[in-house]
Amino acid sequence: MSQSPLTTAESHVAGRTRQLVEAPITPTLLRLAMPNVVVMVAQAIVSTCEVYFIGWLGTEALAGVSLVFPLIMLMQTMSAGGMGGGVASAVARALGAGRRSDANALALHALVIAGALGVLFTTGALWGGPALYRAMGGEGRALAAALTYSNVVFAGALGVWLFNTLASVVRGTGNMLLPAGLVVGGGVLTLTLSPALILGWGPVPALGIAGAGVALLVYYSLGSLVLLVYLCSGQSLVQLALAERRLQRSMFWEILRVGVPGSLNTVLTNLNVALLTSLVGPFGTFALAGYGMGARLEYLQIPLVFGFGAALVTMVGTNIGAGHMARARRVAWVGAGLAAAVTGSIGLFGVFPHLWLGLFSTHPEVLRVGTTYLQLVGPAYGCFGLGLALYFASQGAGRLLWPLVAGVVRLVIAAGGGWVASRWFGGGLSAVFTAIAVAFVLYAAIVAAAIRAGTWHEAARQSVARHEPHTARTLCGDQGCRC
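Every chain's residues receive numbers from 1 upward, in the order its sequence appears when written. Only residues with pLDDT of at least 70 get local features here, since the model is predicted, and only at 80 or more are side-chain atom pairs given and counted; chain-wide, interface and lining totals rely on the full set of residues. Values reported for side chains reflect all heavy atoms of the structure, with hydrogen atoms and water molecules removed beforehand.

Draft legend 1. The overall build of the protein chain, seen in detail. Secondary structure elements are taken from DSSP: a helix is a run of H or I of four residues or more, a strand is a run of E of two residues or more, and numbering for both begins at the N terminus. Across its full length, the protein chain holds 17 helices and zero strands. Burial status follows relative accessibility: with a 1.4 Å probe on protein chains alone, a residue under 20% of its type maximum counts as buried, one over 50% as exposed, and anything between as partly exposed. For the protein chain, buried positions account for 59% of its 483 residues. Relative to all contacts within the protein chain whose residues are 6 or more apart in sequence, the contacts with residues 24 or more apart total 84%. All accessibility values rest on the Shrake-Rupley procedure with a 1.4 Å probe; residue burial counts only the protein chains present in the view. Only carbon and sulfur atoms are counted for the fraction: they give 67% of the accessible area of the protein chain, which is about 18600 Å². In what follows, residue pairs with any heavy atoms lying within 4.5 Å of each other are defined as contacts.

Pasting the structure below:
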């Protein structure tokens, strides 16, 4: 039987997939990554401006946001980089193997997962938030500010999960521009709404710290609506057909086998910050605010590296699906090097800490604690970027055991080592911050050593043999492989 000719859209899609497995690595990776990197820089600016606006409300408001920030970042990183990485990886592997129907089914299953986890985050934060923030050292007005901000943001957790999950489906197809455009547009919207809702402008009432949360929810809700329309419109490579498919256990597994370990890794990352925040809390509100401003710079590196990471998940996953193992590993190392260079340059704030800290506070004690943090931890930021980029690459490969082990080691060294050094040996905050830096170095070393040792190879062979036996011959050793 003769095959029907490809439509223009299908030809464009096929060309996009071919570029991921055949085009030169560095230019292709940069082409995919740069929209994300630019967008994540914009998102970092928006996040920084939001804290700047909240700083107008006083030190207690800043301390309250610092208490909630780890939980918000847990939701954002889990939905975009943890479970979202599992979604993008599954879609990319399916498309790389030519299984477009499976990719369509994966989009629907991803939507179901997002809905369930959004409800779970809302319930958990509203029920357990007060106890969590008290355990982290919150009290008085700082605790009240934390609860106000937290209740508003997590009441709309479903919008955050839908936006990041649907964006991950689109990124898995190799389309980075639409999610990037939505984040930029959402950033402009947030910068407009946030100060207006916090302080009140004209007829808009002053909502205080709750206004910052409302602005975020408006952005994520509108962005989710745009992505839903796009995926149902017929313009996307992956089509979201809400009424035409039955849910299948195998499709949930394709996402969850990468998304669950990835989400656990984000839990470890955010648990690490929460525990470190609880170590800093007893040193007082000003110390908590100073550490929070320093740690925010660390956190902002996650979305920046995600700019490269989203491209790595898609490009590595597509090459793994096509059986191009050697090329997938080269993509990982190139992306990791680029990410390390970016985060290492951010570490220069350790040389000029007041350029960052002065944006939020002029209080001497806040500046002193923040300066100590940046001077001790900043030099290790390059290792953090290297390890995090290789984590995203491992998501694309569907192999997260060693990144997960590295995350556990990082948690034990940073939180456990910081507690021992500061409490038993009287090292104070300097000991805690030194432990964080050491943990970054070990994290990068473990993930890099595991990939170099070949932990992806056997898993990729099994994946190809299970889903695409006709491509198994292209794994590495075949002279016909375009690695």
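Draft legend 2. Layout of the confidence of the model for the protein chain. Note: pLDDT gives the predictor's confidence per residue, expressed from 0 to 100. In the predicted model, the protein chain carries a mean pLDDT of 82, and the fraction of residues at 70 or more is 90%. The least confident element of the protein chain, judged by mean pLDDT, is helix 17 (residues 457–467) at 52; the most confident is helix 6 (residues 157–172) at 94.

Draft legend 3. A look at a nonpolar patch on the surface. What goes into a patch is any residue over 30% in relative accessible area without a salt bridge, connected to like charges within 9 Å or, for nonpolar side chains (Val, Leu, Ile, Met, Phe, Trp, Tyr), within 5 Å. Between Lys or Arg on one side and Asp or Glu on the other, a salt bridge is scored when a side-chain nitrogen of the former is within 4 Å of a carboxyl oxygen of the latter. Residues Tyr52, Trp56, Leu57, Leu199 and Trp201 make up a contiguous nonpolar surface patch of roughly 510 Å² in combined accessible area. As for its placement among the helices and strands, leucine 199 is situated in helix 7 (residues 177–199).

Draft legend 4. Representation of the side chain of threonine 371. Along the polypeptide, threonine 371 turns up in helix 13 (residues 364–377). Threonine 371 gets classed as buried once you look at its relative accessible area, which sits at 13%. Every residue in contact with threonine 371, bar those within four places of it in the chain, is listed here: Pro353, His354 and Leu357.

Draft legend 5. Summary view of the environment of serine 66. The topology assignment puts serine 66 in helix 3 (residues 59–96). A relative accessible area of 10% places serine 66 in the buried class.

Draft legend 6. A look at the nonpolar core. Throughout this description, the term nonpolar core refers to a set of buried Ala, Val, Leu, Ile, Met, Phe, Trp, Tyr and Cys residues connected via side-chain atoms within 4.5 Å. With 148 residues, the main nonpolar core has Tyr133, Tyr149, Phe154, Tyr291, Phe433, Ile436 and Trp456 as its most contacted residues. A per-element tally of this core places helix 3 first, with 21 residues. Setting aside chain neighbours within four positions, we find tryptophan 456 in contact with Val316, Met325, Ala328, Arg329, Ala332, Ala393, Ser394, Ala397, Arg399 and Ile451.

Draft legend 7. Inspection of the packing of helix 2 (residues 25–55) against helix 10 (residues 285–321) at higher detail. Where helix 2 contacts helix 10, the axes come no closer than 8 Å and their chain directions differ by 155 degrees. The angle between helix 2 and helix 10 falls in the class roughly antiparallel. Seen from above, helix 2 lies across helix 10 with right-handed handedness. When grouped by side-chain class, the residues that make up the contact of helix 2 with helix 10 number 19 nonpolar, six polar and one charged. Every axis corresponds to a line fitted to the C-alpha atoms, with the helix fit spanning only the stretch in contact, and the corresponding angles, defined between N-to-C directions, vary from 0 to 180 degrees. Should an angle fall under 35 degrees it is called roughly parallel, over 145 degrees roughly antiparallel, and 65 to 115 degrees roughly perpendicular, with every other angle called oblique. The sense of a crossing depends on the near helix, which, turned anticlockwise from the far helix by less than a right angle, makes the crossing left-handed and, turned clockwise, makes it right-handed. When residues are grouped by polarity, Ala, Val, Leu, Ile, Met, Phe, Trp, Tyr, Cys and Pro land in nonpolar, Asp, Glu, Lys and Arg in charged, and all others, Gly among them, in polar.

Draft legend 8. Inspection of helix 6 at higher detail. Multiply 1.5 Å by the residue count of a helix minus one, and that product is the helix's expected span. If you check helix 6, its first and last C-alpha atoms are 23 Å apart, about what 16 residues at 1.5 Å a residue would give, namely 22 Å. Across the 16 residues that make up helix 6, a large majority, 15, are buried.

Draft legend 9. Focus on empty space enclosed by the protein. Think of a 1 Å grid over just the protein atoms. A cavity is a set of points where a 1.4 Å probe fits yet cannot get out, a pocket is an open set with protein on both sides within 12 Å along at least five of seven lines, and lining residues have an atom within 4 Å of a point. Grid points are joined across faces, edges and corners, and a volume is the space filled by probe spheres set on the points. Under the criterion given, the structure shown has four cavities of 30 Å³ or more. Volume-wise, the largest cavity comes out at about 620 Å³. Considering the residues around the largest cavity, the lining is formed by 40 residues, among which Gln43, Met73, Gln76, Tyr220 and Pro303 are closest to the centre. Breaking the lining of the largest cavity down by element, the ones donating at least two residues are helix 2, helix 3, helix 6, helix 7, helix 8 (209–232), helix 9 (249–280), helix 10 and helix 14 (381–397). The biggest single contributor to the lining of the largest cavity is helix 3, with eight residues. Residues that form the lining of the largest cavity fall into these classes: 23 nonpolar, 13 polar and four charged. Taken as a whole, the second largest cavity encloses approximately 80 Å³ of empty space.

Draft legend 10. Structural view of the pattern of salt bridges. A full pass over the atoms with the stated rule returns four salt bridges. Where glutamate 254 meets arginine 93, a salt bridge forms, and the shortest distance between an N and an O atom there is 3.2 Å. In this pair, glutamate 254 sits in helix 9 while arginine 93 sits in helix 3, placing the two residues 161 residues apart along the sequence. Of the two residues examined, glutamate 254 and arginine 93, each falls in the buried class. Salt-bridge contacts for glutamate 365 lead to arginine 368; the nearest nitrogen and oxygen are separated by 2.7 Å. Remark: arginine 368 and glutamate 365 occur in helix 13; sequence separation between them is three residues, near one turn of the helix. Exposure remark for arginine 368: the relative accessible area of 45% places this residue in the partly exposed category. The structure contains a network of salt bridges with shared partners spanning Arg93, Glu254 and Arg257.

Draft legend 11. Inspection of the packing of aromatic side chains at higher detail. Pairing of aromatic rings covers Phe, Tyr and Trp, the last through its six-membered ring, and needs centres within 6.5 Å; plane angles under 30 degrees mean stacked, over 60 mean edge-to-face, and all others mean tilted. All told, the structure shown has 11 aromatic pairs when counted by the stated rule. Considering the side-chain rings of phenylalanine 384 and phenylalanine 440, the 4.6 Å spacing of their centres and the 20 degrees angle between planes classify their relative orientation as stacked. Linking phenylalanine 384 in helix 14 with phenylalanine 440 in helix 16 (residues 428–452), this pair joins segments that are 56 residues apart in sequence. For the pair shown, phenylalanine 384 and phenylalanine 440 are each scored as buried. Comment: the charge-over-ring label is applied if NZ (Lys) or CZ (Arg) is within 6 Å of the ring centre and within 35 degrees of the ring normal. Lying over the aromatic face of tyrosine 443, arginine 410 brings its terminal NZ or CZ to 5.9 Å of the ring centre.

Draft legend 12. The environment of tyrosine 149, seen in detail. Mapped onto the secondary structure, tyrosine 149 falls in helix 5 (residues 140–155). Taking the C-alpha atoms as reference points, tyrosine 149 and alanine 212, separated by 63 residues in sequence, lie 7.6 Å from one another. Apart from residues lying up to four places away in sequence, tyrosine 149 is in contact with Glu50, Val65, Val68, Ile72, Ile209, Ala212, Gly213 and Leu216.

Draft legend 13. The arrangement of the side chain of asparagine 319 in detail. Within the secondary structure layout, asparagine 319 lies in helix 10. Overall, asparagine 319 belongs to the buried group, its relative accessible area being 0%. Two N or O atoms count as a polar contact when they lie within 3.5 Å, although within protein this holds only if one can serve as hydrogen donor and the other as acceptor, and sequence-adjacent residues are included solely when both atoms are side-chain atoms. A distance of 3.1 Å separates polar atoms of two side chains, one belonging to asparagine 319 and the other to arginine 327. Apart from residues lying up to four places away in sequence, asparagine 319 is in contact with Leu20, Val21, His324, Arg327 and Ala328.

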